[in-house]
Each structure stands twice: as C-alpha cells, then as structure tokens.
Amino acid sequence: MRKLIIALLCSLPLFSIAQTPTAQYKVYDVKQQKVIQLNDLLHDMKEIDVLFFGEEHNDSIGHLLEFELYKNLSSSYPKTVLSLEMFHTDIQPVMDEYLSGLISEKNFLKEARVWKNYEDYKPMIEYAKTNHLPVIAANAATRYSNAVSKSGLSILDQFPESSRSFLPPLPVDTASGKYYDKFIDMLGGHGMGGMKIYQTQNLWDATMSSSIAKYLKSHKGAKVFQLNGRFHSDEQLGTLAKLKTLLPKLKIANISCFSGEDFTTPDWAKYSKLGDYIILTDPTVKRTF
C-alpha cells in the first residue's frame, strides 16, 4: 500500500502544500516568532541560495514535506537543484545516467547503493527524472568513511589521484567547540565515541558542503535544496558551517524537522536555536526505516 501511495504521488501534477494534512505538522518561523504555512517559507526563498532540510530519517511526514517543498521550489525557481546526503559522490555518473533515462531502475538501485528506505526519497528522484532536473549525489562514499573511522582523516592523503574527484579538498578540518560537544553528547560520552568516528562525521560534512559549493560555482543563479540528517545542519553547524566557510557570501537558511512529544502545544522557544524554521511532525504517525 505504501508503495502504491508513493507511486500515485509521483504521478500527480504540481499541487498545493496543503495536500499533506496540516494536522500532522506545524511550521514555526523563528525570526518572526510565529507559526506559518509552508507556502510562506517558499516566499522567503527569493532571498535564499541554499535551503537545508534537516530531517529525521524515519519521519514519514517529514519525507512527504520534503517532496512537496522540492516540487514547489523547482516550479518557482527553475534553477533549483536537489542535493542529497543519501547518495555518494562516486555514484554521480550513475545518478546522471538514470535521470537521463539511459539505464534501468534496477541497475540504478543496485549501482547507486540506495538506502533501505529509498522509497521515501524515490518520489523526488522520479520527479527530477520526469522534469529533467539535476540531482547532486553529495555525500562521501562508505569506503572513505570506513577508512577514516579506522585510520583517521590523514588516511585520505594516501588515496590515489583518481579518487580525489570524489573527495572534498584536503586536508579536512575537524570542527571543534560546540559541534564536537554535541556529537560526544549524542554518543553518550567520550568513552563511546572517539576522535576517529568524529573525523568521519567531519568527512561527511566536508564532502556535502564541497559538493554543493562545486555545483554553485559552475551554475550561477542556482538554488540548492539540501537534504540531510538534521544533526548535519541544526544550529547552523556541521555541513552548513563548512559551506559558509567555502562560500561566505551565500545566503543560507535551515529547517529542522522532527517529531515532537509536545506537538499539541509546542514550546517553540525550546527549539528556536535549531534553525531558521522548525517543523514539528505528529509523533503518533507511523515512522519508517
């Protein structure tokens, strides 16, 4: 049934944000300190170059909102490009081949190494394919992540020149301060983490920010809709912070989307530090992944 619903969504013409039941999500504009409609966020994109959508990977409502935002963004701003944590830089040729209709979906699914909840992202990929829109496979390949987790960031210097096009500029800086503290806290303390695991996190951030920056440098006037786990962009840290370093003049905004136990009467002040926009989704709606 879920696959049937997604297939139907992909086949629909451009539609209103309101088609995702508003009873299942709430959008808060931190700057204006008020609840808004999701369409209001689209109006703000006139002044934004890159919009980060920080998701929880198992949030079904969040995935539907991503899809709706993407469709409406690409309609309002034809130079919008979708950028995804869920695909790796080394499969960019595979992505391009599939979007061009040159390879089968079966080959794409296999060679793109899609996540097990790919059905959540499939509507966006199919929409891009139908409408001949580019998609950035933004994240570091697992083999590089594993190498860093085992040996640290310095191992990247030993990879051959042929690998460099899939990697961010070296050396990769390891962020200190607030981002590191958040990461260690998430792991439950220093004993459970380790600097090499954190360096892997920084590799992901560096690769995604580099992928976005590279695209924008060669596509003037483009807007980027970046999807990633919200840890990568909450509080404008992680990937977002690294992108600001690469392209300081960019106008960037971020959404932090997650389910909230206080969904009925949210404490927006508690969440306001996380992003420019907060989207709370109903925790009673079934999750995926």
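Refer to the structure above for everything that follows.
To start, this report covers the structure provided alongside it. Quantities reported herein were computed from a predicted structural model and do not represent experimental measurements.

## Re the pairing of strand S7 (residues 252-259)
So, point 1. Among the 8 residues of S7, 7 are classified as buried, and the element is accordingly described as predominantly covered.
So, point 2. Direction of pairing for strand S3 (residues 50-55) relative to S7: parallel, over a ladder of 5 bridges. Note that in S7 the partner of Val50 across the bridge is Ile252.
So, point 3. For S7 and strand S8 (residues 277-281), the ladder comprises 5 bridges, and the chain directions are parallel. Of the residues in S8, the one forming a bridge with Ser259 is Thr281.

## Thoughts on the side chain of Ser210
So, point 1. Among the secondary structure elements, Ser210 is positioned in helix H9 (residues 195-218).
So, point 2. Residue classification places Ser210 among the buried positions, given a relative accessible area of 10%.
So, point 3. Ser210 has contacts with Pro168, Pro169 and Leu246, leaving out every residue within four places of it along the chain.

## What to know about the environment of Pro171
So, point 1. As for its placement among the helices and strands, Pro171 is situated in the loop between helix H7 (142-151) and helix H8 (178-187).
So, point 2. Given a relative accessible area of 67%, Pro171 falls into the exposed group.
So, point 3. Between the C-alpha atom of Pro171 and that of Leu156, which follows or precedes it by 15 residues, the distance is 8.2 Å.

## Describing the side chain of Asp234
So, point 1. Positionally, Asp234 belongs in the loop between strand S6 (223-229) and helix H10 (238-246).
So, point 2. When its relative accessible area of 3% is taken as the criterion, Asp234 is described as buried.
So, point 3. In this structure the side chain of Asp234 is engaged in a polar contact, spanning 2.7 Å, whose partner is the side chain of Ser256.
So, point 4. Asp234 has contacts with Lys182, Asn254, Ser256 and Leu274, leaving out every residue within four places of it along the chain.

## Quick notes on the packing of aromatic side chains
So, point 1. Inspection of the entire model under this criterion finds 15 aromatic pairs.
So, point 2. Seen from the ring of Tyr98, Lys129 lies directly overhead, with NZ or CZ sitting 4.8 Å from the centre.
So, point 3. The ring centre of Tyr77 lies 5.1 Å from the NZ or CZ of Lys223, which sits over that ring.

## A closer look at the sheet that holds S8
Adjacent strands of a sheet pair through backbone hydrogen bonds, lying either parallel or antiparallel.
So, point 1. Read from one edge of the open sheet, 8 strands run S2-S1-S8-S7-S3-S6-S4-S5, paired in mixed fashion. The open sheet has two free edges, formed respectively by strand S2 (34-36) and strand S5 (135-139), since each of these has just one partner strand. Between one strand axis and the next, the sheet turns through 25° on average, direction left out of account.

## Observations concerning the environment of Pro168
So, point 1. Tracing the backbone through its elements, the reader meets Pro168 in the loop between H7 and H8.
So, point 2. Distance in space between the C-alpha atoms of Pro168 and Leu203 is 8.0 Å, their sequence separation being 35 residues.
So, point 3. If we skip the residues at most four places from it in the chain, Pro168 touches Leu203, Ala206, Thr207 and Ser210.

## Brief notes about the nonpolar core
So, point 1. Phe87, Phe108, Ile125, Phe225, Ile255 and Ile279 are the most contacted members of the largest nonpolar core, which has 45 residues in total.
So, point 2. Considering every element that reaches this core, the biggest residue donor is helix H3 (residues 60-76), with 6 residues.
So, point 3. Excluding residues that lie within four positions of it along the chain, Ile125 makes contacts with Leu84, Phe87, Met95, Tyr98, Leu99, Phe108, Tyr118 and Val135.
So, point 4. Formed by 17 residues, the second largest nonpolar core is a distinct cluster that contains Met208, Leu243, Leu247 and Leu250.

## Quick look at the packing of H3 against helix H6 (residues 122-130)
For any two helices packed against each other, the geometry is given by the interaxial angle and the distance between the axes.
So, point 1. At their nearest, the axes of H3 and H6 sit 9 Å apart, and the two run at 20° to each other. With respect to H6, the axis of H3 lies roughly parallel. With respect to the hand of their crossing, H3 and H6 are arranged in right-handed fashion. For the pair formed by H3 and H6, the contact residues are Glu66, Phe67, Tyr70, Lys71 and Ser74 on the first element and Pro123, Met124, Tyr127 and Ala128 on the second.
So, point 2. Class assignment of the residues belonging to the contact of H3 with H6 gives a composition of 6 nonpolar, 1 polar and 2 charged.

## Focus on unusual backbone geometry
So, point 1. With an omega of 0°, the peptide bond between Leu170 and Pro171 qualifies as cis.
So, point 2. A positive phi angle, close to 55°, is found at Gln33, a residue other than glycine.
So, point 3. Inspection of the secondary structure puts Gln33 in the loop between strand S1 (25-29) and S2.

## Some words on the packing of H7 against H9
So, point 1. Taken N-terminus to C-terminus, the directions of H7 and H9 make an angle of 150°; their axes are 7 Å apart at the nearest point. The angle between the axes of H7 and H9 places the two elements in the roughly antiparallel class. As for how H7 packs across H9, the hand of that crossing is right-handed. Each of Tyr144, Ser145, Val148, Ser149, Lys150 and Ser151 in H7 lies in contact with H9, whose residues at this interface are Lys196, Gln199, Thr200, Leu203 and Trp204.
So, point 2. Residue composition of the contact of H7 with H9, grouped by class: 4 nonpolar, 5 polar and 2 charged.

About the criteria used
- Residues numbered from 1 in each chain as written.
- Predicted model: local features only at pLDDT ≥ 70, side-chain atom pairs only at ≥ 80, totals over all residues.
- Heavy atoms only, no water.
- Buried < 20%, exposed > 50% of the residue type's maximum accessible area, 1.4 Å probe, protein only.
- Helix = DSSP H or I, 4+ residues; strand = E, 2+ residues; numbered from the N terminus.
- Pairing = 2+ DSSP bridges.
- Contact = heavy atoms within 4.5 Å.
- Polar contact = N/O pair within 3.5 Å; in protein donor to acceptor, adjacent residues only side chain to side chain.
- Phe/Tyr/Trp six-rings, centres within 6.5 Å; stacked < 30°, edge-to-face > 60°.
- Lys NZ or Arg CZ within 6 Å of the ring centre and 35° of its normal.
- Axes fitted to C-alpha atoms, helices over the stretch in contact; angles between N-to-C directions.
- Core = buried A, V, L, I, M, F, W, Y, C linked by side-chain atoms within 4.5 Å.
- Parallel < 35°, antiparallel > 145°, perpendicular 65-115°, else oblique.
- Left-handed = near helix turned anticlockwise from the far one by under 90°.
- Nonpolar A, V, L, I, M, F, W, Y, C, P; charged D, E, K, R; others polar.

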